[in-house]
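Each chain is listed here by its residues.
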Amino acid sequence: MNILVTGANGFIGTHVVRALLGQNHAVTALVRRPAATDDLKPSLRFATSDLTRSESIGRAFAGQSVVVHCAGRVGGPGGWPACQEAIVRATARAVEEASRAGVQRFVHLSSLAVCAPVRRGDRLSGSSPCAPSPPAWNHYARAKIEAERIVRAARDRGRIAAVILRPGVVFGPGDPHATPAILRALSFPLSFEIGDGRNAVACLTVEDLAGAVAAAATLPGIAGRSYALAGRRICTQHDLFRIHARLAGLTVPRRSVSPGLARTLAFLFERSGIFPE
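In this text the structure is predicted, and so the values were computed from the model without any measurement.

Visitor: What's the story with the packing of aromatic side chains in this structure? I'm lost.
Guide: As enumerated under the stated definition, the model contains 0 aromatic pairs in all. We note Arg-142 situated over the ring of Trp-80; from NZ or CZ to the ring centre the distance is 3.6 Å.

Given below as structure tokens:
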């Protein structure tokens, strides 16, 4: 099967490419700079382009059976304009090109960050409603919500046959986001847990996510569906802090703050630059 992967040299995209190549699919990596995936070059085709630029990229989508859209960003400088360009506009461009090329399936990598808040004990699913108004500081969630709406609208109008995946927090080799963020929090002089620390955190390994993406790209009869993704083991906030602290030789936080105060602190930290976006 011919499969195009956007963002193929990113943390998740690299693992997705490996999973698809392991199933003997003909994979094309849509990347801005192919050098970052040199180890995969012998069995991987490249299309060098940028979804956020105006140049024509239709040739990369032509002849593809499936598009797996992993391109995006988590954090980094630039605030909302940068997230809007890298997530919202890039998704709109990918959907447009896939529709024009007659791609049979479009796998969209969304996030559980799009979901409206739930009470402890409630379950999230692929059909859980998106947050109507995410916090002003959470540019990532806002952009992911808008991107998912673009995909759903195109799917509902029959322009693409989409499968939407909403993974939780992703950990694994090469993780540039979750593990560094936890280690920064543990290293902070006033580190703390939110609430009693027993809240479940939906998370999974990048290898499991890559396997799920490969299944979403190839399994028959699932076009039009949406899935929430997390590992089988229930992992709490305290578990994540404890595991990272033990491996890094740091101390597990003994302080706790309320969720409301934590949201306020997150906003202040993001604005002040204490923790990078």
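Don't stop here, the text continues.
Visitor: How do you make sense of the state of the cysteines when you look at a structure like this?
Guide: One covalent bond between the sulfur atoms of two cysteine residues makes up a disulfide. Summed over the entire model, instances satisfying the criterion amount to 0 disulfides. Looking at the unpaired Cys-70, the closest cysteine sulfur is the one in Cys-83, lying at 17 Å. Unpaired in terms of disulfides, Cys-235 finds its nearest cysteine sulfur in Cys-203, a separation of 4.3 Å.

Visitor: What should I look at first to understand the packing of helix H3 (residues 79-101) against helix H4 (residues 139-156) in this one?
Guide: A pair of packed helices is characterised by two quantities: the angle between their axes and the separation of those axes. Put simply, H3 and H4 touch, their axes get as near as 9 Å, and they point 15° apart. What the angle tells us is that H3 and H4 run roughly parallel. Like other packed secondary-structure pairs, H3 and H4 cross with a definite hand, here right-handed. Mapping the contact onto sequence places Gly-79, Trp-80, Cys-83, Ile-87, Val-88, Thr-91, Ala-92 and Val-95 in H3 and His-139, Tyr-140, Arg-142, Ala-143, Lys-144, Glu-146, Ala-147, Ile-150, Val-151 and Ala-154 in H4. Here the residues of the contact of H3 with H4 are counted per class, giving 12 nonpolar, 3 polar and 3 charged.

Visitor: In this structure, what is going on with the layout of surface pockets? I would like to understand it.
Guide: Take a probe with the size of a water molecule and roll it over the atoms, and the empty space left behind shows itself. Quantified by volume, the second largest pocket comes out at close to 320 Å³. Lining the second largest pocket are 16 residues, and of these Phe-171, Cys-203, Thr-205, Cys-235 and Leu-240 lie nearest its centre. Of all the secondary-structure elements, those providing two or more residues to the lining of the second largest pocket are helix H5 (178-187), strand E9 (203-205) and helix H7 (237-248). For the lining of the second largest pocket, the element with the highest residue contribution is H7, accounting for 4 residues.

Visitor: What am I meant to see in the sheet that holds strand E5 (residues 105-109) here?
Guide: Through backbone hydrogen bonds, the strands of a sheet pair up, either in parallel or in antiparallel fashion. Judged by pairing direction, the sheet is parallel, and its 7 strands sit side by side in the order E3-E2-E1-E4-E5-E6-E10 without closing on themselves. Edge positions in the open sheet fall to strand E3 (45-48) and strand E10 (226-229), since each of these has one partner strand only. The sheet shows a mean angle of 20° between the axes of neighbouring strands, direction not considered. Relative to strand E6 (residues 162-167), E5 is paired through 4 bridges, and the arrangement is parallel. Across the sheet, residue His-108 finds its bridge partner in E6, namely Ile-164.

Scoring rules and cut-offs
Residues numbered from 1 in each chain as written. Predicted model: local features only at pLDDT ≥ 70, side-chain atom pairs only at ≥ 80, totals over all residues. Heavy atoms only, no water. Phe/Tyr/Trp six-rings, centres within 6.5 Å; stacked < 30°, edge-to-face > 60°. Lys NZ or Arg CZ within 6 Å of the ring centre and 35° of its normal. Disulfide = S-S within 2.5 Å. Axes fitted to C-alpha atoms, helices over the stretch in contact; angles between N-to-C directions. Helix = DSSP H or I, 4+ residues; strand = E, 2+ residues; numbered from the N terminus. Parallel < 35°, antiparallel > 145°, perpendicular 65-115°, else oblique. Left-handed = near helix turned anticlockwise from the far one by under 90°. Contact = heavy atoms within 4.5 Å. Nonpolar A, V, L, I, M, F, W, Y, C, P; charged D, E, K, R; others polar. 1 Å grid on protein atoms, 1.4 Å probe; cavity = no way out; pocket = protein on both sides within 12 Å on 5 of 7 lines; lining within 4 Å. Points joined across faces, edges and corners; volume = space filled by probe spheres on them. Pairing = 2+ DSSP bridges.

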